[in-house]
Structure formats: C-alpha cells, structure tokens
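Analysis of the macromolecular model
Here is how the chains run, residue by residue.
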Amino acid sequence: SSTIQEEYVLPPKDFVAALPVREGWSEPLVQYNNYWFRPRLLERILLVKQDFVPRADDIILATQPKCGTTWIKALAFTITNRSCYGFGDHPLLTRHPQHVVPFIEIPAAGLIHTDIHTLSSPRLLATHVPMSLLPPDTRSVGCRVVYLCRDPKDALVSRLHFENKAFQGTNLSMDSAFSMFCEGFSPYGPFWDHCLGYWRESVTRPDSVLFLKYEEIKSDPVNTVRKLAKFLGVPLTEEEERSGVAQEVVRLCSFEALTNLQVNQVGRVRLGDNIFMSNSVFYRKGEVGDWANHMSHEMGDKLDRIVQQKLEGSGLVF
Ligand code: A3P
C-alpha cells in the first residue's frame, strides 16, 4: 500500500521530516509504516529499532497510550519486585508508576532510570510502539511481552481529555476527535491495527505474549495478578495465596489508592529531554464505560461497527 514506507536511511530527523504529515491532534502527526506518530517520538523509535539490545529475560509492557499503561506498570512492578519490598514502605507510595518502569523509546522517563542499557537484569520496560516496529530481536531472544488494550470508545474519551489537559492550547471537540479516530488517525493509531499486531503475536506465541484488556483487569483484578505473576515466571506460592498477596497488590495499584497519594497529585513526570507532564494527568476516572457520558450512542455504535469490521476473523473482540 502507499502508506508503507521504505526503511529509513537518512538521519532520523531528515527521514521523519519527509514523511506524510497530518494535523488535527495537539500536534501534527507523521505516518510511518501505516501508523501515526508524534515526529520527535518517531525519531526515537527509529533509533531504538536500530540500537536497542533486547535481553532474553526482558519484560516489555506494551500499550497504546490511554489504555492503562500507568496501571499495568504499577501491577507488573509490584508483582515482579514483591520479594524486595513490603507493602508498608513500598516504592509506589512515594514514586509515580510512570517513574518506576522506563519506556524503551522515551529517554529519561523517570528520575532514576536514565539509560535502559545500564539497568540490571531482569529489566521491566514499557513501550507504545506497534508490534511491527518492536526491534525484531525481542522476538528471537524470547522477551516476554504483556500487551494491554482497552475498549476503543473509552480509550478515545481518555485520549480526548488527555490532549486537552496535557498539551497547552489544545481544545479538541469530541466530534473532531471521533472522526479522526474512526479514520484510524490517532497517536499510535490506527487503534485496531495496534491491537491486532499484538493479538496475532499472542495467538502464535502465547508463552511469550500475554494479551490483556483493561475491562478484564477491572472485573477480576485478583485473577489478573495471578495470571500476570504466572506469565512473568513468578507465580504466587500457596503461602502467598493464603496471606492474600494478590489482594494486597490489587489494593496498592488501585485507582483509589494511587490517586490518594501525594506523589500522584503533585509534581511532574519527565517524558523526554524537555517534556514534562504533571503527575496527576495520568489519572482521570479509571472507569469502564465512561464513553457514554461523552459521546452519543449512535457514535458508540458507529465506532463499534468500524472496529468489528477491522477485527473480523481475527478472534479479537471488544
Ligand atoms: P480515564 O481517562 O478513562 O480515566 P495510560 O496510563 O495508558 O495513559 O491510561 C490512562 C487511563 O488509565 C486513564 O483513564 C486513567 O484514569 C486510567 N488509570 C490510571 N491509573 C489507573 C489505575 N490504577 N487503575 C485503573 N485505571 C487507571
């Protein structure tokens, strides 16, 4: 298709500057390999694709923004580090979940992890890149990937609020965000293609790719913790089951508990060399189905139909 680009050969800045651009969101997005990106981030992604050296014991948390990245970071961090920290003096009581798990493609995300190459193994990392742009070695060395997706209607509503809150001067309407999203034009979108890439991978390599939905964590968080622990190679022991460790993890990482902590109310998260976001912007309602308060049922039905058609035959349903 005409949207598929050649592999880049120029320095990333020049390459990205020559890509198709479209305006509409808080900043113009460029299209590369079917997906839409913020230009600066795409430069990083291209560099990472070339430079990132995956390790067999890496754990990669993959999401589209607004699908629950903050939540899955908190859960996976707590589960994999539970032998190091008690719940009474846990790092998440004083550090933002975005700080404790760095993004592969976003430099200096956090105060501590400045360079992911210097982190000791096993590394817990996050990414928003589509499966097709993950460095191919992540597959060959056998990194474990946890993908979290969400009902596209709720993801869109969350995205709209985030754009208007986090990016000064942006005042997008639901109608314009809706029509762009339905065309597949959204940051890291088309939304459905991002999900499908990881979904297919999870079907062919279920031991390496775990596919989760925000709604499923909401409806049975304790079971999700068990499932995650098992997938990540640190299953809950009988003793832990008896003492309610899964319930403790769920409580610590819950929307209510996190939003009550000062670290998640004030201060800023560093997401790039000169990019800061206020800590509170990663939390809004944390509910399933909030879309109905922001778009009409006709709009909801329309988006459902589009997504259904795009996912047809894949086995993935929302
Ligand atoms: P809403 O805008 O619908 O409230 P991300 O972390 O990928 O940017 O996603 C942000 C969304 O996840 C927001 O959704 C936010 O409120 C929600 N969220 C953040 N932390 C959460 C938690 N601990 N539990 C449930 N939802 C959470």
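Structure's up top.
Each chain carries its own residue numbering, running from 1 in the written order of its sequence. Reporting of local features is limited, given that this is a predicted model, to residues whose pLDDT is at least 70; pairs of side-chain atoms are given and counted only at 80 or more, and all residues count toward the totals for whole chains, interfaces and linings.

1. Points about the overall build of the protein chain
Definition in use: Going along the chain from the N terminus, every DSSP run of H or I of four or more residues is numbered as a helix, and every run of E of two or more is numbered as a strand. For the radius of gyration, the atoms used are the C-alpha atoms, and the globule rule reads 2.2 Å times the number of residues raised to 0.38. Residue burial here comes from a neighbour count, namely the number of other C-beta atoms, placed from the backbone, that lie within 10 Å of the residue's own C-beta, with 20 or more meaning buried, 12 or fewer meaning exposed, and in between meaning partly exposed. Placing a C-beta atom from the backbone of each residue, one calls two residues in contact when those atoms lie within 7 Å.
A tally of helices and strands in the protein chain yields 14 helices and nine strands. For a compact globule of 318 residues, the expected C-alpha radius of gyration is about 20 Å, and the protein chain comes in at 19 Å, within 12% of that figure. Its C-alpha atoms put the protein chain at 55 × 45 × 45 Å along the principal axes. For the protein chain, the proportion of its 318 residues judged to be buried stands at 39%. Restricting the contact set of the protein chain to residue pairs at least 6 apart, pairs at least 24 apart contribute 69%.

2. Topic: the environment of Y32
Along the chain, Y32 falls in strand β2 (residues 29–32). For Y32, a count of 22 C-beta atoms within 10 Å corresponds to the buried category. Y32 sits 273 residues away from R305 along the chain, and the two C-alpha atoms are 26 Å apart.

3. Details of the site of the ligand
What counts, and what does not: What makes a residue near a molecule or strand is its C-beta atom, placed from the backbone, lying within 6 Å of it. Only Asp, Glu, Lys and Arg are considered charged in this grouping, and only Ala, Val, Leu, Ile, Met, Phe, Trp, Tyr, Cys and Pro are considered nonpolar; every other residue, Gly among them, is considered polar.
Around the ligand, the structure places 22 residues, and the nearest of them are T69, T70, S158, R284 and G286. The leading source of residues in the shell around the ligand is helix α3 (residues 69–80), at four residues. Looking at the shell around the ligand residue by residue, the classes come out as nine nonpolar, eight polar and five charged.

4. Examining the nonpolar core
Cut-off, in case you're wondering: Only buried Ala, Val, Leu, Ile, Met, Phe, Trp, Tyr and Cys residues enter a nonpolar core, and they are joined through C-beta atoms within 7 Å.
By size, the foremost hydrophobic cluster in this structure holds 76 residues, and its most contacted members are F37, L75, A76, V146 and Y147. With seven residues, α3 is the largest single contributor of residues to this core. With sequence-adjacent residues up to four places away left out, V146 is seen in contact with L61, A62, I72, A76, L210, L212 and L228.

5. Some points on helix α7 (residues 174–182)
The complete set of buried residues in α7 reads A177, F178, M180 and F181. Buried residues belonging to α7 abut α6 (152–166), α8 (191–204) and α14 (297–311).

6. Examining unusual backbone geometry
Residue P122 is bonded to the preceding S121 through a cis peptide linkage, with omega at -5 degrees. Residue placement: P122 occurs in the loop between α4 (97–100) and β5 (124–127). G189 connects to P190 through a cis peptide bond whose omega is 5 degrees. The residue P190 is located in the loop between α7 and α8 in this model. Even without being glycine, K66 reaches a positive phi, approximately 80 degrees. Topologically, K66 is positioned in the loop between β4 (59–63) and α3. A tally of 25 C-beta atoms within 10 Å means that K66 is categorised as buried. Phi at Y188 takes a positive value of approximately 70 degrees, unusual for a residue other than glycine.

So yeah, pure geometry; function would need other evidence.
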